[in-house]
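Commentary on secondary and tertiary structure
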Amino acid sequence: MRIVLLGSPGSGKGTQACKIITKYNIPHISTGDIFRDNIKRQTEIGIEAKKFIDKGLLVPDELTLQIVEDRFDQPDCAAGFLLDGFPRTLVQAEALEKEMISTGKKLDAVVNLEVNDDTIIRRMTGRRVCSKCGATYNLMYNKPIVDETCDKCGGSLYVRDDDKIETVTNRLKVYKTETQPLIDFYRDRGILITVNGEQDAEVVFQNISKALEQF
Ligand code: AP5
Ligand code: MG
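The structure reproduced in this document is the subject of the present report. (Residues numbered from 1 in each chain as written. Chains lettered and ligands numbered in written order. Predicted model: local features only at pLDDT ≥ 70, side-chain atom pairs only at ≥ 80, totals over all residues. Heavy atoms only, no water.)

Digging into the overall build of the protein
If you tally the helices and strands in the protein, you get nine helices and eight strands. Scaling as 2.2 N^0.38, a compact globule of 215 residues should have a C-alpha radius of gyration of about 17 Å, and the protein matches this with 17 Å. Dimensions along the principal axes, computed over C-alpha positions, put the protein at roughly 50 × 40 × 35 Å. Split into buried and exposed, the 215 residues of the protein put 46% on the buried side. Residue pairs in contact within the protein that sit at least 24 positions apart in sequence constitute 69% of those at least 6 positions apart. Summed over its atoms, the accessible surface of the protein is roughly 11200 Å², and 51% of this surface lies on carbon and sulfur atoms. (Helix = DSSP H or I, 4+ residues; strand = E, 2+ residues; numbered from the N terminus. Rg over C-alpha atoms; globule rule 2.2 N^0.38 Å. Buried < 20%, exposed > 50% of the residue type's maximum accessible area, 1.4 Å probe, protein only. Contact = heavy atoms within 4.5 Å. Areas by Shrake-Rupley, 256 points an atom, 1.4 Å probe, with all protein chains shown as cover.)

Dropping the structure here:
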């Protein structure tokens, strides 16, 4: 399976990605996670990407395409993948299409999670992420058993730097201008699945699974 997850910041891409990759046994490629890992290790890519991420802007296409191409070169991508947060611009979508054509592969489906802006803001201000294993929690919808501690590995939970309200507002604006046009791009190619992302995460996952089975 080759799947793309589309949706505004905080729409639940990461949450659904964890469930989908387990079901289909495919690697999870999140460009946001790759950038955050580079920032943590203070690599050249991380230092450059941080300048944009902290302002709620997209990292330039050239740098983003470089990290995705490197990831595609890993052997675990040969049989499929789940892309989370990539592509995010038409330039990136066209580059991905070229890559698929040149390697004789094709995308199976693009899942678009629909969530309104008020819900997004509530979700992102309540988000907590494990500093050790990356698991995501939410103080309103999905609380850890022990405050500020990961249920899975005991790591401490932190607030993402780009979850501050000013940055979230900017990320939503950028999503509308840069990323929303991809909905039509993939609808035209007949591979778009739209799912109501406002429901309970497990219900969202069941709806995604049903739609993928019909594809
Ligand atoms: P990235 O890390 O991709 O961030 P994002 O798209 O803004 O999305 P998030 O990770 O914030 O949200 P999500 O949709 O994964 O939701 P989650 O499951 O966590 O990118 C970060 C930055 O990197 C970008 O702003 C950009 O600068 C840069 N970047 C990345 N990719 C790029 C690219 N291709 N090109 C250029 N730049 C790029 O859920 C959110 C919260 O809601 C959680 O607390 C969760 O527990 C909760 N939740 C989830 N689902 C539900 C539900 N159904 N009900 C209730 N709560 C829920
Ligand atoms: Mg995410």
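Considering helix α8 (residues 181-188)
Those residues of α8 not exposed but buried are Leu 182, Ile 183, Phe 185 and Tyr 186. Buried residues of α8, seen end-on, are gathered within an arc of 160 degrees and therefore sit on one face of the element. Elements in contact with the buried residues of α8: β1 (2-7), α5 (90-102), β4 (109-114), α7 (165-179) and β8 (192-196). Positive phi appears at Gly 190, one or two residues downstream of α8, with a value of about 75 degrees. (Arc of directions from axis to C-beta.)

Points about the packing of helix α1 (residues 13-24) against helix α9 (residues 201-213)
Axis separation between α1 and α9 bottoms out at 10 Å; the angle between their running directions is 45 degrees. The orientation of α1 with respect to α9, classified from their angle, is oblique. For the pair α1 and α9, the sense of crossing is right-handed. Side by side, α1 and α9 meet where Thr 15, Gln 16, Lys 19, Ile 20, Lys 23 and Tyr 24 of the first sit next to Ala 201, Glu 202, Val 204, Phe 205, Ile 208, Ser 209, Leu 212 and Glu 213 of the second. (Axes fitted to C-alpha atoms, helices over the stretch in contact; angles between N-to-C directions. Parallel < 35°, antiparallel > 145°, perpendicular 65-115°, else oblique. Left-handed = near helix turned anticlockwise from the far one by under 90°.)

Some remarks on the site of ligand 1
Taken together, 35 residues are adjacent to ligand 1, and Thr 15, Leu 57, Arg 88, Arg 127 and Arg 171 come closest. Thr 31 is positioned with one of its side-chain polar atoms (N or O) 2.7 Å from a nitrogen atom of ligand 1. Measuring from a nitrogen atom of ligand 1, one finds a side-chain N or O atom of Gln 92 at 2.9 Å. Burial of ligand 1 by the protein chains amounts to 96% of its free accessible area of 1000 Å². Only α1, α2 (31-40), α6 (117-126) and β6 (136-138) provide two or more residues apiece to the shell around ligand 1. For the shell around ligand 1, the element with the highest residue contribution is α2, accounting for four residues. Split by residue class, the shell around ligand 1 holds 11 nonpolar, 15 polar and nine charged. (Near = heavy atom within 4 Å. Polar contact = N/O pair within 3.5 Å; in protein donor to acceptor, adjacent residues only side chain to side chain. Nonpolar A, V, L, I, M, F, W, Y, C, P; charged D, E, K, R; others polar.)

Some points on the sheet that holds strand β5 (residues 127-130)
If you walk across this open sheet you meet the three strands as β6-β5-β7, and the pairing is antiparallel. With one partner strand each, in any of the chains shown, β6 and β7 (157-158) form the two edges of the open sheet. Here β5 pairs with β6 via three bridges, running antiparallel. Within β6, the position partnered with Arg 127 by the bridge is Asn 138. Along the sheet, α6 contacts β5 and β6; its crossing angle with β5, the most-contacted strand, is approximately 40 degrees. (Pairing = 2+ DSSP bridges.)

Examining the pairing of β4
Of all six residues in β4, five are buried; the element is thus mostly enclosed. Relative to β8, β4 is paired through five bridges, and the arrangement is parallel. Looking at β8, one finds that Glu 114 is bridged to Asn 196.

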